[in-house]
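Per-entry structural report
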Amino acid sequence: MNRAHTTYINLDQVGHSFAVNNEKIYLFKDLNLSISQGQSHAIIGPSGAGKSSLLMLMSGLEPPKDGQVQIYVHGIDHEISQFRESIGFIFQQFHLLPELTALSNVALPLKLRGIKNAEDQAEYWLKKVGLSHRLTHKPNQLSGGEQQRVAIARALVFKPKFIFADEPTGNLDGKSASDVADLLFACCHENGAGLVVVTHSEELAQRAQHVFALRNGECHVC
Ligand SMILES: Nc1ncnc2c1ncn2[C@@H]1O[C@H](COP(=O)(O)OP(=O)(O)OP(=O)(O)O)[C@@H](O)[C@H]1O
Ligand SMILES: [Mg+2]
């Protein structure tokens, strides 16, 4: 592929470790992989393999302990952390603001960008995830699956260039899971966004164009 005209995130010799009781525990070392805008990617692997940690590094939400994560735009490399505004992140634990309604949680990223009709757009996306009847509910008045769908609407509302989703269908029933997956893949396709999903669902992983397996500190392309 000629990459001069594409935007992609590149991980170069990336390693991550934690110090626990004065002992350094490596999650993974020397990872080299890239994520392209407009393409879909899945990360699979057993619980505790480091998938959520890897997603935080790829998206620039956390710096790696070793190596580099950079974003290439028209052949020029930039620090990934400078591109926060282009990245939508769906956390495994949702991280919704408890004091805000579903509508305000979804409108917030737009308001922070100074966009005027933030609430109309938030309502549109909450409808898309099947929550038009829950606009004024706060997170503690929503089920786990409903909170997950609010988190998804919040990540998609500003049409990010890259979407990172950590177990986006983990709390959903079969029908809602496939609706949410349709939405994520459609977003990737229609907006030319790059999509990275971490999942234990084989069905979801199989829908991605690229699948990475993280296991025993190594990452392999499937
Ligand atoms: N801040 C931290 N300090 C110490 N260890 C940590 C920290 N964060 C994560 N870990 C450890 O790193 C390992 C990988 O965690 P991570 O959440 O990335 O796994 P995962 O592959 O996403 O698992 P799951 O499928 O259960 O979500 C775990 O064993 C966890 O205990
Ligand atoms: Mg995880």
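Below is a short write-up of the structure.

Now for the overall build of the protein chain. Within the protein chain, the secondary structure is distributed over six helices and 10 strands. Taken over C-alpha atoms, the radius of gyration comes to 17 Å for the protein chain, in line with the 17 Å a tight globule of 222 residues would show. Within the protein chain, the proportion of its 222 residues that are buried is 40%. The contacts of the protein chain with a sequence gap of at least 6 include a subset with a gap of at least 24, amounting to 68%.

Moving on, we get to the sheet that holds strand β4 (residues 66-73). Taking strand neighbours across the sheet as the criterion, the four strands line up as β2-β1-β4-β5 in an open arrangement whose pairing is antiparallel. The sheet is open, and its two borders are formed by β2 (23-36) and β5 (76-79), each paired with just one other strand. The mean angle between the axes of side-by-side strands here comes to 30°, regardless of whether they run parallel or antiparallel. As paired strands, strand β1 (residues 7-20) and β4 are joined by seven bridges and run antiparallel to one another. Bridged to Asn10 within β4 is Gln70. Of the strands in this sheet, β1, β2 and β4 touch helix α1 (residues 51-58), which is tilted by about 130° from β1.

Around ligand 1, the surrounding shell consists of Phe18, Val20, Leu27, Gly45, Ser47, Gly48, Ala49, Gly50, Lys51, Ser52, Ser53 and Gln92. Counting residues per element, the ones that place at least two in the shell around ligand 1 are β1 and α1. The element contributing the most residues to the shell around ligand 1 is α1, with three residues. Across the shell around ligand 1, the residue classes tally to four nonpolar, seven polar and one charged.

We now examine the pairing of strand β6 (residues 87-90). Side-chain alternation along β6 places Ile87 and Phe89 on one buried face and Gly88 and Ile90 on a second face that is also buried. Where β6 lies against strand β7 (residues 162-166), four bridges are found, and the strand directions are parallel. Bridged to Phe89 within β7 is Phe164.

As a further point, take the pairing of strand β10 (residues 218-221). Both strand β9 (residues 210-215) and β10 contribute to a ladder of four bridges, which runs antiparallel. Bridge assignment links Arg215 to a residue of β10, and that residue is Glu218. A loop of two residues connects β9 with β10, the two strands running antiparallel in sequence, and Asn216 in this loop sits at a positive phi of about 50°.

With that out of the way, let us pick up helix α3 (residues 118-128). If you check which residues of α3 are buried, you get Ala118, Ala122, Trp125 and Leu126. Considered in projection along α3, the buried side chains sweep an arc of 100° and stay on one side of the axis. Of the surrounding elements, those touching the buried residues of α3 are α2 (102-112) and α4 (144-156). Remark: Gly130 follows α3 within two positions and exhibits a positive phi of approximately 80°.

All right, on to the packing of α2 against α3 then. The N-to-C vectors of α2 and α3 enclose an angle of 125°; their axes lie 8 Å apart at closest approach. In terms of axis orientation, α2 runs oblique to α3. The crossing of α2 and α3 is right-handed. Facing α2, whose interface residues are Ala102, Leu103, Val106, Ala107, Leu110 and Lys111, α3 presents Ala118, Glu119, Gln121, Ala122, Glu123, Trp125 and Leu126. The residue inventory of the contact of α2 with α3, partitioned by class, reads nine nonpolar, one polar and three charged.

Positive phi, close to 65°, is recorded for Asn22, a residue that is not glycine. The topology assignment puts Asn22 in the loop between β1 and β2. Look at Asn22 and you get exposed, because 5 C-beta atoms sit within 10 Å.

Here is what the cut-offs are and how they apply
Residues numbered from 1 in each chain as written. Chains lettered and ligands numbered in written order. Predicted model: local features only at pLDDT ≥ 70, side-chain atom pairs only at ≥ 80, totals over all residues. Helix = DSSP H or I, 4+ residues; strand = E, 2+ residues; numbered from the N terminus. Rg over C-alpha atoms; globule rule 2.2 N^0.38 Å. Buried ≥ 20, exposed ≤ 12 C-beta atoms within 10 Å, placed from the backbone. Contact = placed C-beta atoms within 7 Å. Pairing = 2+ DSSP bridges. Axes fitted to C-alpha atoms, helices over the stretch in contact; angles between N-to-C directions. Near = placed C-beta within 6 Å. Nonpolar A, V, L, I, M, F, W, Y, C, P; charged D, E, K, R; others polar. Arc of directions from axis to C-beta. Parallel < 35°, antiparallel > 145°, perpendicular 65-115°, else oblique. Left-handed = near helix turned anticlockwise from the far one by under 90°.

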